[in-house]
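Okay, here's what each chain looks like letter by letter:
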Amino acid sequence: MAPLSAIPWLEELAATPPSDQQPNEAPVADGAAAPQVTATPLDPAAQGGVGLLPQATSGLPPDLWSRSQADQIARAFDALPDVLPLPLADLRLRLLLAEASAPAGAAGDAFLLTRTSVLTRLGALPQAQALLDQASPLTPAVFARAADVALLTGESDAACGALSGQPHLSDDLGLRVFCLARGQDWSAAALTLQSASVIGALDDRSTTLLAQFLEPDLADDGPPPVGDGEVSPLDFRLYEAIGAPLSTADLPRPFAAADLSPNMGWKAQLDAAERLAATGAIEPNQLLGLYTQRIPAASGGVWDRAEAIQRLDRALATRDPGAIGTALPRAEGAMAAVGLDAAFARMFAPRLTGSLPLAAAPAAVRARVLLLSPDYERAADLADAPGFAAAVALGDTDAAVAATPLEAAIAPAFGLDIPQSDLQSLAAEGELGLAILTAMRRISEAREGDISGLGGALGFLRSVGLEDTARQSALSLLLDGT
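The shown structure was predicted, so the numbers you read here are calculated from the model rather than taken from an experiment.

With that settled, consider the overall build of the protein chain. In terms of helices and strands, the protein chain carries 26 helices and 0 strands. In the protein chain, 63% of the contacts between residues at least 6 apart in sequence involve partners at least 24 apart. Total accessible area on the protein chain is roughly 22600 Å²; 53% of this is exposed by carbon and sulfur atoms.

In C-alpha cells form, the structure reads like this:
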C-alpha cells in the first residue's frame, strides 16, 4: 500500500508554499537570559477536533461543531446513507477531515472516534489512519481503532510496534499474540495464547485461528474454523495467514480495501474499487486506472464495464466521432446501471469538452456526463443540455419552466430569493455543522421520493457558501436515471 503522503489531497497540502507573512516577533533575542517558559497540559478534549484539512482548504469555520452536542453529530452522520450522490459524499469527507473544535460534551477523543468510525465504515481507511495519526497522546480507544484500520490495510507493523512499546494500550490478548508472532517472539506468543485459553479470554474461533497461525501444521490437519458473529479485522488477517482467505464480497465495505492490493487478482481489485468509489472513499481516476490495467478475459458484470471503459478510452484517444458516438452511450449506461455515473463523469468529462461533433443520441449523453461533472457550467451552453438542468448548472432558475414535481421543488433554491428554512436558524445558533448534515440528509431523501425539504436544503447550502455542492447535488437528482 502506498504511504499516506501519496494521498492526492495530502500531497497538495504538502506542496503548498509557506506564507510570506512573518510572525510578529523580533528577529533576534533581547538578551542572553533563558526565556521563561510556561507549560500547560494539553486539553484532552482538544484532540477530538484534530483534522487534516485546514480552514483555507476545507472552507469550513473552526467552530463548525462547537455549539452542537456530540451525540447529535454522531446521529446525524449515522443518518446519512453510506452511498450518497458524489457531491454530497465529497462534502461528507470535508466535514469529517476538517480542522474544527470538538462539539460540546465530547469527552477526550470521543469525537475523533466518531469521525474515524464513519470513515472506516465508508472504506476510507487511509483518511481514517491519517486522522488517527494526529492524536496525541495515544489512548487505548484510539489505539484500538488504529489497530483495526492497520489490520484492514495490511499495515500492522506500526500498530504492533506501538503495542510493544506501550503494552497498556490494549488488553486484547488475541492482538498481543498476533503481534508477538509478527515480532518473531514465538514462545511468548504461544505462552500468551495458552494463558488466554485458560482464562477464557478468547472465543473458540479466535483461539483456533491463532493456534493455526502459530502452528501451520495444525492448519494443514484440519479445516479453518467457522464461527458465528462478525469477522474482526484480526480474524480476517488470520484467515489469510493460514491460507484460507475470506471473500470480501460477503464482508462489510471496509474489508474491500484489502483487495486493492496489487497482490490480489484483477477482478478482486475491480470489485473492491467499485464498492469504494460508490462512497467516495477512492478517487474515480483510481478506478479508471484499474479498469484499463489489462484486457478482460471474461464477460459479464465488471468485465463488461471494464471492456466498455477501455473501448471509450481508445475512441477518445483517436478523436474519432463515430467510434466515440458508439462507445460513449454504452460505457455511460454500464456505469449508470451500478450507480457510478457521477464517477464516470469525473473520469471522462475533461476529454469530452470541446467541439467534437457527435450525432444526436451520443451528444445528449455527452451533455449529461458534463452536467454530472465539475465542468457542469460548460454543459449549460450545449444545445443538447436539458433546459431546466442547464438553468440549475448556471445557478439561476428564475426564467426556467419546472415541468415535474422534482423540478418545482428545486427551482426556488436557485431563484433570486433563497428560501428560508429551519436550517438557517440552526446555523445562526452556532450549529452550522449539524445544519449542513441535516441538509445533506434531506437532499438524499429526495432520491427516495421525499422532496418536501429539498428546496430548503439546497437553498441553505447556497446561503452558507456551498454553491458548488448545491448545484451538483441538484443536477445529480435531476439526471438520476435519465
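Extensive coverage of helix H6 (residues 125–132) is indicated by the burial of 7 of its 8 residues. Turning to H6, its buried residues are Leu125, Gln127, Ala128, Gln129, Ala130, Leu131 and Leu132.

Our focus in this paragraph is the nonpolar core. Membership of the largest hydrophobic core comes to 129 residues, with the highest contact counts inside it found for Leu95, Tyr291 and Ile436. If you tally residues by element for this core, the top one is helix H24 (residues 432–446), at 9 residues. With sequence-adjacent residues up to four places away left out, leucine 95 is seen in contact with Leu60, Leu64, Trp65, Phe77, Ile436, Leu437 and Met440.

Below, the discussion takes up helix H10 (residues 186–199). Over its 14 residues, H10 extends 20 Å from the first C-alpha to the last, a length consistent with the 20 Å expected when each residue adds 1.5 Å. In this structure, the buried residues of H10 make contact with helix H9 (173–182) and helix H11 (204–214). Directly beyond the C-terminal end of H10, a positive phi value near 70 degrees is found at glycine 200.

Relative to each other, H9 and H11 sit at 10 degrees, their axes nearing to 11 Å. When the interaxial angle is binned, H9 and H11 end up roughly parallel. Touching Gly174, Val177, Phe178 and Ala181 of H9 are Leu210, Phe213 and Leu214, all from H11. Taken together, the residues that form the contact of H9 with H11 break down as 6 nonpolar, 1 polar and no charged.

Turning our eyes to something else, we now look at the packing of aromatic side chains. Within this structure, the stated rule accounts for 7 aromatic pairs. Arranged with centres 5.2 Å apart and planes meeting at 65 degrees, the rings of phenylalanine 236 and phenylalanine 255 form a pair that is edge-to-face. Remark: phenylalanine 255 occurs in the loop between helix H13 (233–241) and helix H14 (266–278) and phenylalanine 236 occurs in helix H13; sequence separation between them is 19 residues. Look at phenylalanine 236 and you get buried, because its relative accessible area is 5%. Phenylalanine 255 gets classed as buried once you look at its relative accessible area, which sits at 5%. Note on phenylalanine 344 and phenylalanine 348: the rings are 5.1 Å apart at their centroids and 45 degrees apart in plane angle, and the pair reads as tilted. Taken as a pair, phenylalanine 344 and phenylalanine 348 lie in helix H18 (residues 341–352) at a separation of 4 residues, close to a single helical turn. By relative accessible area, which is 0% here, phenylalanine 344 ends up buried.

The next subject is the side chain of threonine 248. Along the chain, threonine 248 turns up in the loop between H13 and H14. Discounting chain neighbours no more than four positions away, the residues touching threonine 248 are Phe236, Phe255, Ala256, Asp259 and Arg275.

This part is about the state of the cysteines. Covalently bonding the sulfur atom of one cysteine to the sulfur atom of another cysteine gives a disulfide. Here the structure, examined in full by the defined rule, presents 1 disulfide. Note on cysteine connectivity: cysteine 160 is disulfide-linked to cysteine 179, with sulfurs 2.1 Å apart. With the S-S dihedral at roughly -70 degrees, the linkage between cysteine 160 and cysteine 179 falls on the left-handed side. Placement of cysteine 160 in helix H8 (residues 157–165) and of cysteine 179 in helix H9 is noted, with a sequence separation of 19 residues between them.

Criteria and cut-off values
- Residues numbered from 1 in each chain as written.
- Predicted model: local features only at pLDDT ≥ 70, side-chain atom pairs only at ≥ 80, totals over all residues.
- Heavy atoms only, no water.
- Helix = DSSP H or I, 4+ residues; strand = E, 2+ residues; numbered from the N terminus.
- Contact = heavy atoms within 4.5 Å.
- Areas by Shrake-Rupley, 256 points an atom, 1.4 Å probe, with all protein chains shown as cover.
- Buried < 20%, exposed > 50% of the residue type's maximum accessible area, 1.4 Å probe, protein only.
- Core = buried A, V, L, I, M, F, W, Y, C linked by side-chain atoms within 4.5 Å.
- Expected span 1.5 Å × (residues − 1).
- Axes fitted to C-alpha atoms, helices over the stretch in contact; angles between N-to-C directions.
- Parallel < 35°, antiparallel > 145°, perpendicular 65-115°, else oblique.
- Nonpolar A, V, L, I, M, F, W, Y, C, P; charged D, E, K, R; others polar.
- Phe/Tyr/Trp six-rings, centres within 6.5 Å; stacked < 30°, edge-to-face > 60°.
- Disulfide = S-S within 2.5 Å.

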